[in-house]
Every structure is written in C-alpha cells, then in structure tokens.
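A structural walkthrough
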Amino acid sequence: MSDAIAPYRTAVVTGATSGIGRAIVFALRKRGLGVYAVGRNQDQLSELADLCGALPVRADVRETGTIAAALAGVDIDILINNAGILSSRATFFEIDPAEIDAMIDVNLKAPMHLTRALLPGMVSRKRGHLIYIGSSGGQAPYPAMAAYGPSKAGLSLFCDNLRCDLLGTSVRVSEIVPGRVQTGLYRTSIPNNQAQAVLYDGYRPIQPEQIATIVTSVIDLPSFVDVSRVEVFPTDQAAGGGTMVKHVP
Ligand SMILES: NC(=O)c1ccc[n+]([C@@H]2O[C@H](COP(=O)([O-])OP(=O)(O)OC[C@H]3O[C@@H](n4cnc5c(N)ncnc54)[C@H](OP(=O)(O)O)[C@@H]3O)[C@@H](O)[C@H]2O)c1
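These figures come from a predicted structure and were not determined experimentally. (Residues numbered from 1 in each chain as written. Predicted model: local features only at pLDDT ≥ 70, side-chain atom pairs only at ≥ 80, totals over all residues.)

**Notes on the overall build of the protein**
Rules: The helix and strand labels rest on DSSP assignments: H or I over at least four residues marks a helix, E over at least two residues marks a strand, and numbering proceeds from the N terminus. As defined in this context, the radius of gyration uses C-alpha atoms, and a globule is described by 2.2 Å times the residue total to the power 0.38. Three exposure classes are used. Buried residues have 20 or more other C-beta atoms within 10 Å of their own C-beta, exposed residues have 12 or fewer, and partly exposed residues fall in between, all C-beta atoms being placed from the backbone.
The secondary structure content of the protein amounts to seven helices and seven strands. Reading the secondary structure of the protein in the N-to-C direction produces β-α-β-α-β-α-β-α-β-α-β-α-α-β. On C-alpha atoms alone, the protein measures out to a radius of gyration of 18 Å, which is about the 18 Å that the 2.2 N^0.38 rule sets for 249 residues. Out of the 249 residues in the protein, the part that is buried amounts to 37%.

**Examining the confidence of the model for the protein**
Where we set the bar: What pLDDT reports is the predictor's confidence in each residue, on a scale of 0 through 100. Think of it this way: build a C-beta for each residue from its backbone, and any pair within 7 Å is a contact.
Across the protein, the average pLDDT comes to 95, with 98% of residues at 70 or higher. Predicted confidence for residues 1–6 stays below pLDDT 50, and this span has nine contacts to residues more than four positions away or in other chains.

**A closer look at helix H1 (residues 19–30)**
The following threshold applies: Helix span, as expected, comes to 1.5 Å for every residue beyond the first.
Its 12 residues give H1 an end-to-end C-alpha distance of 17 Å, which sits within 8% of 16 Å, the value for a rise of 1.5 Å per residue. Burial analysis of H1 places 10 of its 12 residues in the buried class, which makes it a mostly covered element. All of the buried residues along H1 are Gly-19, Ile-20, Gly-21, Arg-22, Ala-23, Ile-24, Val-25, Ala-27, Leu-28 and Arg-29. Where H1 is buried, its residues meet strand S1 (10–14), strand S2 (34–39), helix H2 (42–52), strand S4 (78–81), strand S5 (128–133) and helix H7 (208–220). Directly beyond the C-terminal end of H1, a positive phi value near 90° is found at Gly-32.

**Considerations on the site of the ligand**
Worth spelling out the cut-off: Any residue qualifies as near a molecule or strand once its backbone-derived C-beta atom lies within 6 Å of it.
The environment of the ligand is made up of 25 residues, and the closest members are Gly-15, Gly-19, Val-61, Gly-84 and Thr-183. Among the elements that line the shell around the ligand, the one with the most residues is H1, at three residues.

**Quick look at the environment of Ile-206**
Summarising the element assignment, Ile-206 is placed in the loop between helix H6 (195–200) and H7. As for Ile-206 and Arg-89, which are separated by 117 residues in sequence, their C-alpha atoms are 21 Å apart. Setting aside residues up to four positions removed in sequence, Ile-206 forms contacts with Pro-178, Gly-179, Arg-180, Val-181, Ile-211, Val-232 and Pro-234.

**Side note on the nonpolar core**
Put simply, the test is: Note on terminology: a nonpolar core is a set of buried residues of type Ala, Val, Leu, Ile, Met, Phe, Trp, Tyr or Cys, with members joined through C-beta atoms within 7 Å.
The biggest cluster of nonpolar side chains holds 56 residues, and the ones touching the most others in it are Val-13, Ile-24 and Ala-37. Counting residues per element, this core draws most heavily on helix H4 (residues 97–125), which supplies seven residues. With near-sequence residues (within four places) excluded, Ile-24 lies in contact with Val-13, Ile-80, Asn-82, Ala-212 and Val-215.

The following block contains the structure:
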C-alpha cells in the first residue's frame, strides 16, 4: 500500500462485476486495499476473487441488510457506490412505469441506504471516503433520459447534502461524473448487441480503467483535501441535449 493512502485499508465496491466497478476493484487491489466486491453474478465474482483477491459479497445492491450483514465487524474505509442501470431509453410518455422505479431504486435509493448503513462507523472512526459514480445525465437534460437523469441528479445533490452533514468528521465525499464510457450499461436499453455499433464504433469513449485512475487519484490526496465533484467527458462529447424541432401546425 502506498503511503498516500495509508489510513485506508478496506473498500467496498458495488457493481463490481463489470465495467467501471470491475476496473475500480482491480485498481484498489493493486494498491493493496482489501476490497469487498458487491455483485449479483457469482461467476464474475469468483473470477474477481481468483484474479485479484477481491472478497465477494453476493447481493443485489438494493438488499442493504444482506450487504451490511456480510460486512459486519469490518471497518470499511471507502465505499464506492458504482452500481447503476440505464434500463430504458424510451421517452417518458412511453416508458414502462416499472423502469422508473427500477432506476430510482438502484441509482439513488440503494446508494443512500448503503451509505446510511456504513457511515456511522466512518464517522465514529473519523476516517472514511464515500465515492459515487454519478453521470453527465444527472447534470444536464438529454433525450429519453427522464428517469435516469433525475436519479443521478438526486445522487449529485445527495453528495452535497452529505458534505454539510459530515463537516468536522474527516469523512470525504466525492462524486465522479462521467460522460460516455465504453461498458455494458446500455445492454438492455439498446438491445441485440447494438450498443457497440450505436454508441462506441467510430467514437472515442472513455475506458473504465480511466475512471478507475480518477478514483484512485481522488483517494490518494491527503485526507484534508476532498475532490467534491469531477466531470469527465470524451474529448469528442459535449454535455446536454441541444435538439430543436420544426413547428408543425
Ligand atoms: N457507461 C457510461 O457511459 C456511464 C456514464 C456515466 C455514468 N455511468 C455510471 O457508471 C456506473 C457503472 O456503470 P457501467 O457503465 O460500468 O455499466 P455496467 O458495465 O453495466 O456495470 C454496472 C454494474 O452495476 C451492477 N448492477 C446493476 N444493477 C444492480 C443491482 N440491482 N444489484 C447489484 N448490482 C447491480 C451490474 O451488475 P449485473 O451485471 O448483475 O447487472 C454491473 O456490475 C453506473 O452507475 C452508471 O450509471 C456510466
């Protein structure tokens, strides 16, 4: 473990079985931290354990009690709330109402509840770092993101509120806000393996390892420095939906 992160020994990463979360697990293990990898896919969790020694916690991220029970007695220093879904890209007048609940539950409520479960220990030890993977979709409007966007906007404001409540505790709160990263995030909203062709081929998206580099850089700063929010975009992407339509009388 490097001196810079010496106070931190253990981390929890949700959504560890693919994409950004998986890359963060490897990066933290490389720095010598004990990493609890939370996910649903047993094969992927076992592979993580074999490849880098991560400690699997098999649970849906909405099952706060199951995760807290698996971590009972462990002093968690870093909580990385990464699990998230963009399960539908329907317009809001066509979206399946169940998808509204799913995105709010996984992207907003689950991180809030897991934070609530692990935060008292961090506060009492006066040592901890809460990291949230937000989204550019939570900072500006985009077409067909009217459930995902608010879930991430809520997460972003939650981070700011936490900073108010945590003043004087030495617990840091950092939100990482990416634009397009090449992962499996769109596998259900752009079905039939078309996401690669629609979103990634011919573009230069961010890679998950680059988000992991940002996460470790944020952690490595001295504990009196809190990188509160980082926005990171592909150089070829700008924020927001700028679409206009012609008026049809
Ligand atoms: N990719 C992008 O362009 C982008 C941009 C901005 C923000 N983000 C955010 O980055 C985070 C990571 O996403 P990603 O891009 O790496 O996509 P990903 O490859 O789809 O990874 C998402 C991870 O979350 C897990 N997950 C989803 N629902 C879960 C649940 N109910 N319980 C437990 N785990 C669950 C998935 O596990 P399963 O395999 O079991 O579903 C998967 O491991 C998300 O919060 C996403 O909103 C991504």
